[in-house]
Amino acid sequence: MKNSIKGRSEFAGSEIKNKIKLFIPSKEYDSSIKILNSKNFLLITGEPGIGKTMLANMLTYQFLAKNFELIYVTEIKEAEEAYENGKKQIFYFDDFLGAITLDLTSSRNADAAIVNFIERIRKDKQKRLILTCRTTILNQAKEKSDKLNNSNIDIANHEVKIGDYGNLDKAKILYNHIFFSNLTEELKIVFFKNEFYWKVIKHRNYNPRLIQFFTNIEKVNNEKSYETAIINYLDNPEQVWEQSFEIQISHTSQIFLSIMVSLSSFYVIDEYRLKKAYNARLDYEVKNNNFTKTYNNTFEKTVKELQNAFIKRYIRKYENFNSIEYRFLNPSIQDFLVYYFNKKNFEEYFTILKTAVFLNNLKVISQQNLTRVKRYYSQVKITKDY
């Protein structure tokens, strides 16, 4: 084995042992270990910050206790080089499709190598393979690669969802992070005054990554009111979604999500309304921003990219007809997008106004940003476009 792979694997093993104290066993672990033992590999997917890596760490830890050798790799080629017949090995490939959209065309046969290695692992009872990936990235990769799309990769897919955590699970996660944190005793006590912890546990944007963020004193030691800071982090969860939104999805997917925000006074959005608003926006981009319509930015392709990563698509059956409807995967996504467009891209609201095809678009924008719109008009020259 190359020294670099061995050294990295040893360091990863020590890091897992240090972090394992934060893990809370749940039904997620039980179902995952069953898949891993029956298929010899496990693909853990889910939204950002949901606990994919922590679950993978716990599973790896259990096999280290059974004298499996950890091989922590950053590409399949390394796994192939470290593979030893007759030896108990567990291969751990965190974020195996990359932090940004995988360009399968730039790496010759990369998809085939992944699929072939999975099949090799499946036939060897002395081997285990753990892969983690964000749902968005997996959707994009499967769209680009027939080999991945037609492979057995989904037979061992376990998707981690925040809805799978009960209040007790959330409470244990919060408590462990507080107990093992570098917070001062004064800051730790904040959670227990007037049972403030319930506001955190029951907050609709509860997310393990946010818990990790605001229990790090380096992130909050300049805050005047720790309690207020925590609620602000939960109300505006940009720490969880910003990178995924800016880097990991296409520009048309970003447009799609902004359209959903403008229509979000409805709990669910019917496909007719959403598709019409989306296509109107693409027509605007073609006319004003040199945008080119292609097969890859159609409504259907964009939905496939975002499905189970940012949005949920439902087919609802009524007495006389079926309706296709959409909503955000998690309430925190909508909260983040409102925050994002207010703070980083306020011009997007005016683009939505220009391209609106439903009065609902105007209603949501005006309700959310009436004060800022008035302030904006007072500072710039008003044109006919506005």
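Just so it is clear, the model here is predicted, and its values are computed rather than measured. (Residues numbered from 1 in each chain as written. Predicted model: local features only at pLDDT ≥ 70, side-chain atom pairs only at ≥ 80, totals over all residues. Heavy atoms only, no water.)

## Examining the pattern of salt bridges
Note the following rule: Basic side-chain nitrogens of Lys or Arg form a salt bridge, by our definition, when they fall within 4 Å of a carboxyl oxygen of Asp or Glu. Strands are runs of DSSP state E lasting at least two residues, helices are runs of H or I lasting at least four, and both sets are numbered from the N terminus onward. Only protein chains enter the area calculation, which uses a 1.4 Å probe; residues under 20% of their type maximum are buried, those over 50% are exposed, and those in between are partly exposed.
Taken as a whole, this structure holds 18 salt bridges when the rule is applied. Arg-122 is the salt-bridge partner of Glu-119, the closest N and O atoms lying 3.3 Å from each other. Of this pair, Glu-119 and Arg-122 are both found in helix H5 (residues 110-122), three residues apart, which corresponds to roughly one turn of the helix. A relative accessible area of 31% means that Arg-122 is categorised as partly exposed. For Lys-301, the salt bridge is made with Glu-143, and the minimal N-O distance between the two is 2.4 Å. Here the residue Lys-301 occupies a position in helix H17 (residues 299-306), and Glu-143 occupies one in helix H6 (residues 135-144), the gap between them amounting to 158 residues. Three or more residues joined by partner-sharing salt bridges are found here, namely Glu-69, Glu-84 and Lys-87.

## Thoughts on the sheet that holds strand S5 (residues 157-160)
We count it as follows: A pair of strands is labelled paired if DSSP reports no fewer than 2 bridges between them. Axes here mean lines fitted to C-alpha atoms, for a helix over just the part in contact, with angles spanning 0 to 180 degrees between N-to-C directions. Note on contacts: a residue pair qualifies if any of its non-hydrogen atoms lie within 4.5 Å across the two residues.
Pairing is parallel in the open sheet, where five strands are placed in the order S2-S3-S4-S1-S5. With one partner strand each, in any of the chains shown, strand S2 (69-72) and S5 form the two edges of the open sheet. Neighbour-to-neighbour, the strand axes of the sheet open up by a mean angle of 20°, direction not taken into account. Both strand S1 (residues 41-46) and strand S4 (residues 127-134) contribute to a ladder of six bridges, which runs parallel. Paired with Ile-44 across the two strands is Thr-132, which belongs to S4. Against the sheet, helix H1 (residues 3-19) makes contact with S2 and strand S3 (89-93), and its axis sits at roughly 110° relative to S2, the strand it touches most.

## Focus on helix H2 (residues 27-39)
Counted only if it meets this: Given the number of residues in a helix, its expected span is that number minus one, multiplied by 1.5 Å. Working note: the arc is built from the helix axis to C-beta atom directions.
Taking 1.5 Å per residue as the helical rise, H2 with its 13 residues ought to reach 18 Å, and the 18 Å between its terminal C-alpha atoms agrees with that figure. The set of residues buried in H2 consists of Glu-28, Tyr-29, Ser-32, Ile-33, Ile-35 and Leu-36. One side of H2 carries all its buried residues, which in axial view fall inside an arc of 160°. Seen from the open side of H2, the exposed residues pointing more than 90 degrees away from its buried face are Lys-27, Lys-34 and Ser-38. Check the buried side of H2 and you find it contacts S1, helix H3 (52-64), S4 and S5.

## Considering the pairing of S4
Counting buried residues along S4, eight of its eight residues qualify, which places the element largely inside the surrounding structure. Alternating residues of S4 divide into Lys-127, Leu-129, Leu-131 and Cys-133 and Arg-128, Ile-130, Thr-132 and Arg-134, and every residue in both groups is buried. Two elements, S3 and S4, share five bridges in a ladder whose sense is parallel. When the sheet's bridge partners are listed, Phe-93 is paired in S4 with Leu-131.

## Topic: the layout of surface pockets
As a reminder of what qualifies: Note on definitions: the grid is 1 Å and covers protein atoms alone; a cavity is a set of points where a 1.4 Å probe fits but cannot get out; a pocket is an open set with protein on both sides within 12 Å along at least five of seven lines; lining residues have an atom within 4 Å of a point. Grid points are joined across faces, edges and corners, and a volume is the space filled by probe spheres set on the points. Gly counts as polar in this scheme, as do all residues outside two lists: the nonpolar Ala, Val, Leu, Ile, Met, Phe, Trp, Tyr, Cys and Pro, and the charged Asp, Glu, Lys and Arg.
As a volume, the largest pocket reaches approximately 1100 Å³. Residue lining of the largest pocket: 43 residues in total, with Lys-19, Thr-53, Met-54, Asn-57 and Gln-212 positioned closest to the centre. Only H1, H3, S4, helix H8 (167-179) and helix H11 (208-214) provide two or more residues apiece to the lining of the largest pocket. A total of six residues in the lining of the largest pocket trace back to one element, the largest contributor, which is H1. Taken together, the residues of the lining of the largest pocket sort by class into 18 nonpolar, 14 polar and 11 charged.

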